[in-house]
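Take a look at the letters that make up each chain.
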Amino acid sequence: MKVIAQNKKAFHEYDILDRWEAGIVLTGDEVKSIRAGHISLVGSYATVHNQELYLLNANISPYSHAYAKAEELAKRSRKLLLTKRELRKLMSEIARKGVTAVPLKVYITGKGLVKVEIGLAKHKKAHGIKEAIKERDIQRETRRELKGKITY
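Thresholds, definitions, all that
Residues numbered from 1 in each chain as written. Predicted model: local features only at pLDDT ≥ 70, side-chain atom pairs only at ≥ 80, totals over all residues. Heavy atoms only, no water. Helix = DSSP H or I, 4+ residues; strand = E, 2+ residues; numbered from the N terminus. Rg over C-alpha atoms; globule rule 2.2 N^0.38 Å. Buried < 20%, exposed > 50% of the residue type's maximum accessible area, 1.4 Å probe, protein only. Contact = heavy atoms within 4.5 Å. Areas by Shrake-Rupley, 256 points an atom, 1.4 Å probe, with all protein chains shown as cover. Lys, Arg positive; Asp, Glu negative; His and termini not counted. Charge placed at Lys NZ, Arg CZ, Asp CG, Glu CD. pLDDT = per-residue confidence, 0-100. Arc of directions from axis to C-beta. Pairing = 2+ DSSP bridges. Core = buried A, V, L, I, M, F, W, Y, C linked by side-chain atoms within 4.5 Å. Expected span 1.5 Å × (residues − 1).

On to the overall build of the protein chain, then. For the protein chain, the helix and strand inventory stands at four helices and nine strands. Reading the helices (α) and strands (β) of the protein chain from amino to carboxyl end gives β-α-β-α-β-β-β-β-β-α-β-β-α. Radius of gyration (C-alpha) of the protein chain: 19 Å, far over the 15 Å computed for a compact globule of 152 residues. Once the C-alpha set of the protein chain is aligned to its principal axes, its extents read approximately 60 × 40 × 30 Å. For the protein chain, with 152 residues in total, the buried portion stands at 32%. Considering only intrachain contacts with a sequence separation of at least 6, the fraction spanning at least 24 residues in the protein chain is 66%. Accessible surface computed for the protein chain: about 10,300 Å², of which carbon and sulfur atoms make up 52%. Each charge class in the protein chain was averaged separately, 31 positive and 17 negative side chains, and the resulting centres sit 2 Å apart.

Rendered as structure tokens:
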């Protein structure tokens with residue numbers, strides 16, 4: 001598995017409750033662009049429309065050697081592929097208030113397929129973000145102290 005892009009901002013702004021792996025419907029030029037690393041997941045999210053899951057606001061830049069380079073297609077909505085059981089469960093979870101689906105990372109499997117890891121997320125409050133930063137700082141300090149005490 002080769003990770004192409006990660007949505008680091010999602011981990012900062014949301015509490016991730018659950019994760020799913022979904023396929024994504026792409027054109028050939030988009031696959032080549034993703035392999036080159038020209039994708040951004042910042043600000044993107046997944047939504048249900050007509051009993052299907054779509055990825056919105058994911059920016060896949062046009063492939064440089066493509067015949068048609070349409071910039072307006074870079075942020076088009078893309079269909080995500082899940083089994084019916086997974087989709088039904090995800091739709092019931094999204095129906096809860098305050099829960100949304102965000103893409104966490106895009107990667108290529110060993111078979112060459114492009115997959116998206118979707119996370120079921122709940123938005124952190126401002127004090128929750130501050131607490132997470134405090135905990136991270138405390139862990140960093142304890143690691144530094146432990147590292148300084150080890151002698152060879």
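From this point on, the discussion continues.
Moving on: the confidence of the model for the protein chain. On average, residues of the protein chain carry a pLDDT of 86, and 92% of them reach 70 or more. Across the protein chain, the element-wise mean pLDDT spans from 82 in helix α4 (residues 126-149) up to 93 in strand β7 (residues 78-81).

The next thing to look at is helix α2 (residues 28-35). Along an α-helix, a turn takes 3.6 residues, which lines up residues three or four apart on a common side. Within α2, burial applies to E30, S33 and I34. Around the axis of α2, the buried residues are gathered within 100° of arc, so they sit on the same side. In this structure, the buried side of α2 is in contact with β1 (2-6), β3 (39-40), β6 (59-60), β7, β8 (99-108) and β9 (114-123). Once α2 ends, the next one or two residues include G37, with phi positive near 90°.

We now examine the pairing of strand β5 (residues 52-56). Burial of the side chains of β5 is restricted to one face: L53 and L55 are buried, whereas none of E52, Y54 and L56 on the reverse face is. Here strand β4 (residues 45-49) pairs with β5 via five bridges, running antiparallel. Opposite H49, over in β5, you have E52 as the bridge partner. Relative to β7, β5 is paired through three bridges, and the arrangement is antiparallel. Residue pairing for β7: Y54 is matched across the bridge by K79.

This part covers the nonpolar core. If you look at the biggest cluster of nonpolar residues, it comprises 27 residues, and the most contacted ones within it are I34, I39 and L80. Non-local contacts of I39, meaning those with residues more than four positions away in its chain, are made with I4, A5, I34, N59, I60 and V106. Core analysis: the next-biggest nonpolar cluster, separate from the first, contains five residues, A10, V102, L104 and A121 among them.

Bringing α4 into the picture now. Counted at 1.5 Å a residue, the expected span for α4 with its 24 residues is 34 Å, and the 35 Å between its end C-alpha atoms agrees. Burial runs low along α4: only one of the 24 residues are buried.

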